Structure formats: structure tokens, C-alpha cells
Amino acid sequence: SGPKIVLIDVDGVISESRDERGFLGTTEESMVARLREQLDRARKDSTVRALLLRINSPGGTVTASDIIYEELLRFKHERNVPVVAHFMGVAASGGYYVAMAADELIAQPTGVTGSIGVIFVGVNLSGLMQKFGVADQTLTAGAQKDAGSWLRPMKPAEREHLQSVLDDMHERFKQVVAAGRPGLDRARIDELADGRIYSASQAKANGLVDGLGDLEAAVAATQQRAGLASARVVIYHRPREWR
């Protein structure tokens, strides 16, 4: 009995789509859908007094990270409860993005975080295609419809356009960091947000996290922020689901 701290895992690649079908024919639900359902359940429980995020993620898609971030903010404001994030081995890129909804960030001393940036992965296979006598016959309606194609070199105009898209997404990321880390001025965020990762101690020294500690330390910090003398930590799970 007593007030609850809900522990929610952000574990693995952050995506709004379902995972691929597994070896036994099962399909995992999307992280966005599951987290939203967990928050809806916690929203209806008056005994929930705080939220603890346990993050172990290298990141994921920009949109999924942004949706989760907004869902966490909405829950925090509607319920008026504190949110604390605990970083496990990796809380980078989108993993750090979603943590910006938290009031306090505590990193496992051996973890890494940061990677505040956006990436578009592409290769040019045209040389390999020529070697095997393969020609690109792609048809487009729109001059930049196949911008970034792996089948030919990228044109300067395409590179400029794609870079502008990434720059817009990067700017959104930095705005989220500025909102989540008010102690950092924008010039300092621009310096830190060059895509590099940081060790937990480096992140602490640069103001990207508030402290170092294990999950028990994060639970204690959450309990303190909620003003609770004692609390129980609960995790939601489905019937027949691994606990």
C-alpha cells in the first residue's frame, strides 16, 4: 500500500512503428504506443505520485523521440508530478531527447550519453554498379524526388537541400535541450550539441546531467522530489508477459 512511483522503461531503438516479426512469429508493439498506454494507466491512478524513466537507448527516429517527449510533458503537467530519468548504459541521441521532459537526470557512472545531433545515412553504389554492368534507370517527376539515392552521386543542390532538413531537425533538438536544461545558455548548448557522446562524468561536468548514481539513487531522488517519506515502485506489465 501507499503512494506509487511508476517506473517506465525506454529500452532499445525508439520507433513509432512495430518491431519486425520475431522467430516465433510474435510482433512487438511500438514503443510510442506502449508508453502512451502506460501513461494513460498512470494518469487514471490517483496514488501515482511520480514517474521514473529508466532509459537504455541509442536513439531512434526524430518523430518517435519527439512524440514520447511531448507525451511525457503532457502527463507531467496534467498530473503535476515530478519526473526523474535514470540513464543506464546508453542514453544517447533520441534517448537523451526524451529525457528532456524530466526534472532531474541521473546517469549510471559507467554510461554514455549526449550525441545531440541528426544523421542521414547514405552511400553511393554507382561505381560498384558500373563494375558489374548495372545502370540506374530511375524515373522521377520532380527534380529532387530521388535526392540521396544510393544509385548515383549526390548533386550539390540535393546535398544542400538535405542538409537544410537535417539542420532544421537539429535546431528542434537543441531547442528541446534548452527547455530541459535551463541552466545551460544557448551558446553552450551549440558547443555541446555537435553529435559527440559523453561519458557520465563528462556529461555531469558539462551540465548535461544532474548527478551520477545507480537505480536506487534515482528512486531516492524521485521519492524526495515527490515529497514522500516512503513509496513503492511499480512497473506495468501485461498478462503472460515477462516481468
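Just so you know, these numbers come straight off a predicted model, no measurement behind them.

1. Here's the deal with the overall build of the protein chain
Looking only at helices and strands, the protein chain features 8 helices and 8 strands. Dimensions of the protein chain, computed from C-alpha atoms along their principal axes, come out at roughly 70 × 50 × 30 Å. Across the 243 residues that make up the protein chain, the buried fraction comes to 41%. A fraction of 71% describes how many contacts in the protein chain between residues 6 or more apart in sequence connect residues 24 or more apart. Summing over all exposed atoms, the protein chain offers an accessible surface of approximately 13700 Å²; the carbon and sulfur share of this is 52%. Charge centroids of the protein chain, computed over 30 positive and 31 negative side chains, lie 5 Å from each other.

2. Examining the environment of D210
Structurally, D210 can be placed in the loop between α7 (200-205) and β7 (211-212). Given the relative accessible area of 35%, D210 is considered partly exposed. For the pair D210 and E104, spaced 106 residues apart in the sequence, the C-alpha separation amounts to 6.3 Å. At 3.0 Å, the side chain of D210 and the side chain of R181 are in polar contact.

3. Details of the pattern of salt bridges
Once their charged atoms are close, side chains differing in charge can pair, the charge on each being opposite to the other. This model, assessed by the stated rule, comprises 20 salt bridges. Ionic pairing is found between R74 and E78, a salt bridge with its closest N-O pair at 3.5 Å. In this pair, R74 and E78 both sit in helix α2 (residues 62-79), 4 residues apart, roughly one turn of the helix. The exposure class of E78 is partly exposed, given its relative accessible area of 46%. Measuring nitrogen to oxygen at the nearest pair gives 3.1 Å for the salt bridge that ties D190 to R186. Separated by 4 residues within a single helix, D190 and R186 lie in helix α6 (residues 186-192), roughly one turn from each other. Given a relative accessible area of 30%, R186 falls into the partly exposed group. One continuous salt-bridge network, built from bridges that share partners, spans R36, D40, R43, E71, R74 and E78.

4. A short note on unusual backbone geometry
In this model, S93 sits at a positive phi of 50°, which is unusual for a non-glycine residue. Look at S93 and you get buried, because its relative accessible area is 15%. For S115, which is not a glycine, the phi torsion comes out positive at approximately 55°.

Rules behind the numbers
Residues numbered from 1 in each chain as written. Predicted model: local features only at pLDDT ≥ 70, side-chain atom pairs only at ≥ 80, totals over all residues. Heavy atoms only, no water. Helix = DSSP H or I, 4+ residues; strand = E, 2+ residues; numbered from the N terminus. Buried < 20%, exposed > 50% of the residue type's maximum accessible area, 1.4 Å probe, protein only. Contact = heavy atoms within 4.5 Å. Areas by Shrake-Rupley, 256 points an atom, 1.4 Å probe, with all protein chains shown as cover. Lys, Arg positive; Asp, Glu negative; His and termini not counted. Charge placed at Lys NZ, Arg CZ, Asp CG, Glu CD. Polar contact = N/O pair within 3.5 Å; in protein donor to acceptor, adjacent residues only side chain to side chain. Salt bridge = Lys/Arg side-chain N within 4 Å of Asp/Glu carboxyl O.

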